[in-house]
Structures are given as C-alpha cells and as structure tokens.
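# Structure assessment
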Amino acid sequence: MSIIFDRNKEIKKEKEIRTQCLKHISNTHLLVATLIATVTFAAGFSLTGGFNDEGPDKGKALFSTKLAFKAFMLSDGIAFYCSTAAVFLHLFASLEQNYHLLLRFIKFSAILTYVSILGMVTAFTSGIYLVLPNSSALSTSAIEIGCLFLGFYIFGVL
C-alpha cells in the first residue's frame, strides 16, 4: 500500500512540475503576443504614406487605392487580432489548474501567435514595398527578402 501511495505522490509532483513549466512557457508567449499586438496596433493607426490634406478625400490615406496598402492593412489586422486573441487565451491559461486544458490553451495561443508573426512580416514587407519606388532594385529586394523569410518561416517551422 505504501508503494502505491508513494507512486501517486510522485505522479502528482510531476504534474505540478509540468504545469509550472507550461505556465513559464505561457508567460514567454504572452510577452511576445503582447508586443505584436502593441506594434501592429500602432502600425495600423500611423498609416504608411500619411493622409490627404484637402479635397473630397480629406483625411483618407494617400495610398488607400494601392494593392500593397490593402495587403498591408489586411495583414496588419490579422496580426493584431490573432495576437490579441492569444493574449486573451493566455489570460485564461494563467488561471487554469487543469494540466490538459492548460496545454490546450497554450497550443492554440501559440498557433495564433505564429499566425500573427506571419501577418506582421507580411505587413512590414508590403509597407516597405509601398513606400519605395516601384521600379527600384531596393523595392524588388525588399519583396524578395520578405518572401524568402515567409517561405522559410512557413516551411521551416512546420
């Protein structure tokens, strides 16, 4: 009987250690998701290129009709919303004591953080392309490097 009691005690202690380890991982992910949410929020309101000062489009973004601007806003929005959802899940994870539920929260929030990083990189690449002259070698290089990173990130992590 003592052997069974000791084994149950060991199992309980191992679960507590794993739960604490997951909470430390969750704290790191929370920091990353919060930074992404902050940066993408700021990028969404400090629009690339500025605003129209006069005419019927007064107050509208200068580049609002360009495809690169639309890609910038869409990917920035995806990054912001996914990172905010990840922060929300980490809030629930910090309150959770059940190991399996905690693991599920952390896995799903890690996926959301992964998607938000992809969105942030896409927003950065399209923003750089938007402000550089279309035919310049620098503009082409920015797109190539951004696509290379995205390819590496998508296929390297999976």
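Residues numbered from 1 in each chain as written. Predicted model: local features only at pLDDT ≥ 70, side-chain atom pairs only at ≥ 80, totals over all residues. Heavy atoms only, no water.

Bringing the overall build of the protein into the picture now. Within the protein, the regular secondary structure consists of four helices and zero strands. For the protein, the succession of helices and strands along the chain, N to C, is α-α-α-α. For the protein, the residues scored as buried account for 32% of the 158 residues in total. Of the contacts made within the protein by residues no fewer than 6 positions apart, 67% connect residues no fewer than 24 positions apart. A total of about 10500 Å² of accessible surface is found on the protein, and carbon and sulfur atoms cover 71% of it. (Helix = DSSP H or I, 4+ residues; strand = E, 2+ residues; numbered from the N terminus. Buried < 20%, exposed > 50% of the residue type's maximum accessible area, 1.4 Å probe, protein only. Contact = heavy atoms within 4.5 Å. Areas by Shrake-Rupley, 256 points an atom, 1.4 Å probe, with all protein chains shown as cover.)

Quick look at the environment of Asp-76 now. Turning to its location among the elements, Asp-76 is positioned in helix α2 (residues 67-95). Setting aside chain neighbours within four positions, we find Asp-76 in contact with Thr-40, Ala-43, Gly-44, Gly-119 and Ala-123.

Time to look at the packing of aromatic side chains. The tally for this structure, following the rule as stated, stands at six aromatic pairs. Geometrically, the ring pair formed by Phe-69 and Phe-72 is tilted, given 6.5 Å between the ring centres and 35° between the ring planes. Of this pair, Phe-69 and Phe-72 are both found in helix α2, three residues apart, which corresponds to roughly one turn of the helix. Their ring planes at 65° and their centres at 5.5 Å tell us that Phe-80 and Tyr-81 sit as a pair that is edge-to-face. Since its relative accessible area comes to 22%, Phe-80 is described here as partly exposed. Through a chain of ring-to-ring contacts, the aromatic side chains of Phe-41, Phe-45, Phe-80 and Tyr-81 assemble into a single cluster. (Phe/Tyr/Trp six-rings, centres within 6.5 Å; stacked < 30°, edge-to-face > 60°.)

Now for the packing of α2 against helix α3 (residues 99-131). Running from N to C, α2 and α3 cross one another at 160°; their axes reach a closest spacing of 7 Å. The angle between α2 and α3 places the two elements in the roughly antiparallel class. Between α2 and α3 lies a crossing whose hand is left-handed. Here the contact of α2 with α3 is built from residues that sort into 22 nonpolar, ten polar and one charged. (Axes fitted to C-alpha atoms, helices over the stretch in contact; angles between N-to-C directions. Parallel < 35°, antiparallel > 145°, perpendicular 65-115°, else oblique. Left-handed = near helix turned anticlockwise from the far one by under 90°. Nonpolar A, V, L, I, M, F, W, Y, C, P; charged D, E, K, R; others polar.)

Attention now goes to the environment of Ala-86. Inspection of the secondary structure assignment puts Ala-86 in helix α2. When the C-alpha atoms of Ala-86 and Thr-113 are compared, they prove to be 6.2 Å apart, with 27 residues separating the residues in sequence. Setting aside anything within four residues of it in sequence, one finds Ala-86 in contact with Ala-33, Ser-109, Leu-112 and Thr-113.

Let us now look at a nonpolar patch on the surface. A contiguous nonpolar patch, built from Leu-74, Ile-78, Phe-108, Ile-111 and Val-115 and spanning about 450 Å² of accessible area, is present on the exposed surface. When contributions to the nonpolar patch are tallied by element, the ones reaching two or more residues are α2 and α3. Broken down by element, the nonpolar patch gets its largest block of residues, three residues, from α3. By the secondary structure assignment, Phe-108 is in helix α3. (Patch = residues over 30% accessible without salt bridge, like charges linked within 9 Å, V, L, I, M, F, W, Y side chains within 5 Å. Salt bridge = Lys/Arg side-chain N within 4 Å of Asp/Glu carboxyl O.)

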